[in-house]
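# Structure at a glance
Letter by letter, the chains look like this.
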Amino acid sequence: MMAQLENGRLSDDTMSVRTLGSQFDEESSFGSDSEINGFTSSRQIDKYGFIGGAQKYSEESAQDVPLEVLRHREVKWLDMLNHWDRWVSKRFKKVRLRCQKGIPPSLRGRAWLYLSGGKVKREQNSGKFKELDSMEGDAKWIDVIERDLHRQFPFHEMFVSRGGHGQQDLFRVLKAYTLYRPDEGYCQAQAPIAAVLLMHMPAEDAFWGLVQICEKYLPGYYSAGLEAIQLDGQILNALLKRVSPPAYRHLEKHKIEPILYMTEWFMCAFSRTLPWASVLRVWDMFLCDGVKIIFRVGLVLLKCMLGTREKLKACPGQYETMELLRALEPQYMQEGFLIHQVLELPISARDVEREHRVQLKRWRKTHGELSYKSPPRMHGAQAIMSAEPHSRQDLRQNPTIIVEYPQLSDTKSESTRIKKRSTIRKAPIPLEVPNPYALPTDPKPDPLKNQAQDTSSNNQSSHPPPSLQQSLLTTPEKTPAGKAEPSSDPPTAVIPTPDPSPNLSRIPPPPQTSPTPIPTYPTKLPHSSNPAITAEPLPITKNSGNTNNSAHLKDPPPTTDSTPLLPDDTPVNGNSAAAPRVPGLRNSCESVGSEDTYL
């Protein structure tokens with residue numbers, strides 16, 4: 001089952017982690033000494049990503065913010081981040097107030113990067129982290145960093161797996177810092193700082209946030225000799241004398257130096273001391289107002305633990321006092337109580353700087369000059385932004401989700417095309433003309449449809465429709481080159497088409513009978529290359545009045561008689577020779593018209 005874990009979660013996306021006794025996977029961080037102690041068979045993961053029990057006071061001390069209030073704060077923070085330079089320079093008191101209320105979790109990573117100045121630093125050093133990440137680090141620092149990876153928040157789902165993406169990113173950030181500041185190198189207290197940043201932002205942003213904290217907020221803390229942290233310990237002790245005289249006298253009586261209890265507090269920014277809900281609130285204010293918040297939190301804890309006679313009676317000696325300061329009472333670390341006490345404590349950045357000058361003079365008298373010249377400390381986001389020139393482009397947030405919309409020109413062309421298409425007038429439906437030589441299998445014409453078409457055509461034009469014209473069937477001759485040329489012979493076959501009439505029937509009219517035999521005369525047709533037309537003798541009917549529904553051939557004068565050409569299936573009375581047939585007349589006309597005949 002442990003092999004199916006992915007960063008502390010089961011593969012089916014459940015919110016529980018189970019172990020199998022002492023059988024731990026080699027690729028997981030489960031099994032270290034700090035994790036075996038107190039780790040039971042099943043734990044839930046809290047909303048901060050910690051496996052149950054690691055932050056047992058977080059859920060109790062956290063203040064639940066109503067969802068409506070949280071969404072309202074998100075809108076305000078989005079507006080501030082989009083106009084960050086204006087808010088910091090002109091309305092920084094409002095920024096401080098909103099940081100004291102707590103940054104919305106969805107925007108905490110982005111807000112921390114802006115508050116610390118890491119956003120400007122990243123934009124001004126574009127590609128620097130990628131360059132450092134691709135380089136090989138110093139071997140002596142690489143070995144130390146790799147040994148410390150599994151010790152950083154081992155119960156958090158991001159760092160629970162050995163070799164997981166959390167530990168890989170942590171290694172990249174710490175290695176890049178040793179290359180960025182080779183004179184300072186690596187300090188174990190930097191790992192928790194980098195880990196907290198990685199919980200809220202990508203590796204590159206976490207790197208620049210770590211750079212700003214080490215150079216601007218806590219300069220000299222992680223250098224060799226730890227002179228800066230010792231100096232700040234003396235500043236804390238001097239401020240404690242003003243805030244809580246009983247606690248100051250008790251520590252002086254038992255000769256407990258500040259470096260013994262405040263090193264982890266300050267160097268890790270209370271990330272390994274307080275419940276996580278309180279850690280986030282402290283970091284919100286720390287990145288906004290600077291190191292004075294760290295001093296205030298330390299003073300509040302000392303005052304609450306050693307500020308009364310009852311507390312002092314419980315710790316009569318040095319050992320009991322140190323044990324008391326290592327095991328702080330949960331009630332004093334609750335988010336609501338601690339933040340309220342920190343805001344009420346009258347310690348400003350000016351007080352810290354005044355004590356810093358006093359303690360620096362004493363240090364020089366007793367220890368000489370500092371071996372490491374650290375840069376001046378910046379007290380908060382406003383001081384950092386004022387000291388570092390930036391452009392508005394450096395503060396611009398790059399989009400993380402890009403939505404592509406169709407171009408405006410394509411939209412216009414499409415709408416214009418649709419508009420033009422809708423304005424085109426539809427062509428009139430052609431009038432259906434019934435076939436005078438229709439077969440019995442052909443569909444019958446719809447007289448109502450023809451009547452409607454006639455009505456529509458009459459409405460469009462005041463003139464009546466043109467009369468039907470005769471169709472001339474001409475059989476041209478083909479030249480050897482393959483081009484069709486009209487024949488030079490005068491005879492042509494003319495087939496008059498009758499006018500459409502409702503009385504027209506599909507049944508051909510009855511043939512006219514003659515009491516006398518009808519003589520026949522051979523008629524020559526012009527030569528044609530089309531084998532579909534054959535010449536046969538045509539009967540000549542005298543006094544024939546059939547001029548509407550019959551086809552006749554015109555011969556050269558003086559012959560003017562014509563004989564009707566009947567289809568193959570038309571019955572004829574009398575002698576069969578009196579009424580010769582033109583085989584395949586319908587098909588022949590169609591084939592001639594489609595190949596060699598001009599209509």
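Just so you know, these numbers come straight off a predicted model, no measurement behind them.

With that out of the way, let us pick up the overall build of the protein. Within the protein, the regular secondary structure consists of 26 helices and nine strands. Excluding contacts between residues fewer than 6 apart, the proportion of contacts in the protein whose partners are at least 24 apart in sequence is 72%. Accessible surface, the protein as shown: approximately 34,700 Å² in total, 53% of it carbon and sulfur.

Within the element layout of this structure, Val 120 appears in helix α7 (residues 118-124). Take Val 120: its relative accessible area is 5%, and that puts it in the buried class. With 265 residues separating them in the primary sequence, Val 120 and Met 385 have C-alpha atoms 8.9 Å apart.

Predicted confidence across the protein gives a mean pLDDT of 73, with 57% of residues reaching 70 or more. No element of the protein has a lower mean pLDDT than strand β1 (residues 16-18), which averages 36, and none a higher one than helix α11 (residues 190-198), which averages 96. Confidence drops under a pLDDT of 50 for residues 1-41, and excluding neighbours within four residues, the segment shows 73 contacts in the predicted structure. Across residues 461-506 the pLDDT falls below 50, and counting only partners more than four positions away or on other chains, this stretch makes 72 contacts in the model.

Within the structure shown, the criterion is met by 17 aromatic pairs. Relative to Trp 276, the ring of Phe 50 has its centre 5.0 Å away and its plane inclined at 65°; by these criteria the two rings are edge-to-face. In this pair, Phe 50 is assigned in the loop between β2 (42-44) and α2 (58-61) and Trp 276 in helix α16 (residues 276-289), connecting sequence segments 226 residues apart. Exposure remark for Trp 276: the relative accessible area of 2% places this residue in the buried category. An angle of 45° between the planes, with centres 5.9 Å apart, marks the rings of Tyr 332 and Phe 337 as tilted.

Before going further, it helps to examine empty space enclosed by the protein. For the coordinates displayed, the defined rule picks out two cavities of 30 Å³ or more. What the largest cavity holds in volume is close to 80 Å³. Lining the largest cavity are Trp 84, Tyr 114, Leu 115, Gly 117, Val 120, Ala 381, Ile 384, Met 385, Glu 388, His 390 and Leu 395. For the lining of the largest cavity, the secondary-structure elements that each account for two or more residues are α6 (108-116) and α23 (381-387). Per element, the largest residue contribution to the lining of the largest cavity is three residues, and it comes from α23. A breakdown of the residues in the lining of the largest cavity according to their chemical character gives eight nonpolar, two polar and one charged.

Within the secondary structure, Ser 223 is located in the loop between α12 (203-217) and α13 (227-243). Within polar-contact distance, the side chain of Ser 223 engages the backbone oxygen of Gly 220 at 2.9 Å. Not counting residues within four places of it along the chain, the set of residues in contact with Ser 223 comprises Glu 184 and Tyr 372.

On to the nonpolar core, then. One finds Trp 84 and Tyr 261 to be the most contacted residues of the largest nonpolar core, which totals 116 residues. With eleven residues, the top contributor of residues to this core is helix α17 (residues 292-306). Each residue touching Tyr 261, except ones within four places of it in the same chain, is listed here: Leu 236, Leu 251, Ile 256, Leu 302, Met 322 and Leu 325.

Here helix α22 (residues 349-366) is 18 residues long and its end C-alpha atoms lie 26 Å apart, about the 26 Å a rise of 1.5 Å per residue gives. Listed in full, the buried residues belonging to α22 are Ala 349, Asp 351, Val 352, Gln 359, Leu 360 and Trp 363. Looking straight down α22, one finds that the buried residues subtend no more than 165° of arc, so they occupy a single side. Across from the buried face of α22, at angles greater than 90 degrees, the exposed residues are Arg 350, Lys 361, Arg 362 and Lys 365. Packed against the buried residues of α22 are α13 and α17. Phi turns positive, to about 85°, at Gly 368, one or two residues after α22.

It is worth spelling out the pattern of salt bridges at this point. One pass over the full model with this rule turns up 23 salt bridges. One salt bridge connects Asp 284 with Arg 108, and the closest N-O pair in it is separated by 2.9 Å. Taken as a pair, Asp 284 in helix α16 and Arg 108 in helix α6 lie far apart in primary sequence, 176 residues in all. Glu 184 is paired through a salt bridge with Arg 181; the nearest N and O atoms lie 3.5 Å apart.

Right, let's get into α11. Of all nine residues that make up α11, nine are buried, and the element is covered over most of its length. Turning to α11, its buried residues number three or more, namely Gln 190, Ala 191, Pro 192, Ile 193, Ala 194, Ala 195, Val 196, Leu 197 and Leu 198.

Moving on, we get to the packing of helix α9 (residues 139-148) against helix α10 (residues 165-180). Relative placement of two packed helices is described by the angle separating their axes and the distance separating the axes. α10 packs onto α9 with a crossing angle of 150° between their chain directions and a minimal axis gap of 10 Å. By the angle between their directions, the pair α9 and α10 is classed as roughly antiparallel. Seen from above, α9 lies across α10 with right-handed handedness. Residues Trp 141, Ile 142, Ile 145 and Glu 146 of α9 lie in contact with α10, whose contacting residues are Phe 171, Leu 174, Lys 175 and Thr 178.

Moving on, we come to the environment of Arg 108. Its relative accessible area of 7% is what places Arg 108 among the buried residues. Each C-alpha atom of the pair Arg 108 and His 200 lies 7.0 Å from the other, and the pair is 92 residues apart in sequence.

With that settled, the discussion passes to a positive patch on the surface. Together, Lys 76, Arg 86, Lys 90, Arg 91, Lys 94 and Lys 101 make up a positively charged patch on the protein surface. Residue assignment for the positive patch shows that the elements contributing at least two residues are α4 (84-90) and α5 (92-101). Its place among the elements puts Arg 86 in helix α4.

Rules of the game
- Residues numbered from 1 in each chain as written.
- Predicted model: local features only at pLDDT ≥ 70, side-chain atom pairs only at ≥ 80, totals over all residues.
- Heavy atoms only, no water.
- Helix = DSSP H or I, 4+ residues; strand = E, 2+ residues; numbered from the N terminus.
- Contact = heavy atoms within 4.5 Å.
- Areas by Shrake-Rupley, 256 points an atom, 1.4 Å probe, with all protein chains shown as cover.
- Buried < 20%, exposed > 50% of the residue type's maximum accessible area, 1.4 Å probe, protein only.
- pLDDT = per-residue confidence, 0-100.
- Phe/Tyr/Trp six-rings, centres within 6.5 Å; stacked < 30°, edge-to-face > 60°.
- 1 Å grid on protein atoms, 1.4 Å probe; cavity = no way out; pocket = protein on both sides within 12 Å on 5 of 7 lines; lining within 4 Å.
- Points joined across faces, edges and corners; volume = space filled by probe spheres on them.
- Nonpolar A, V, L, I, M, F, W, Y, C, P; charged D, E, K, R; others polar.
- Polar contact = N/O pair within 3.5 Å; in protein donor to acceptor, adjacent residues only side chain to side chain.
- Core = buried A, V, L, I, M, F, W, Y, C linked by side-chain atoms within 4.5 Å.
- Expected span 1.5 Å × (residues − 1).
- Arc of directions from axis to C-beta.
- Salt bridge = Lys/Arg side-chain N within 4 Å of Asp/Glu carboxyl O.
- Axes fitted to C-alpha atoms, helices over the stretch in contact; angles between N-to-C directions.
- Parallel < 35°, antiparallel > 145°, perpendicular 65-115°, else oblique.
- Left-handed = near helix turned anticlockwise from the far one by under 90°.
- Patch = residues over 30% accessible without salt bridge, like charges linked within 9 Å, V, L, I, M, F, W, Y side chains within 5 Å.
- Lys, Arg positive; Asp, Glu negative; His and termini not counted.
- Charge placed at Lys NZ, Arg CZ, Asp CG, Glu CD.

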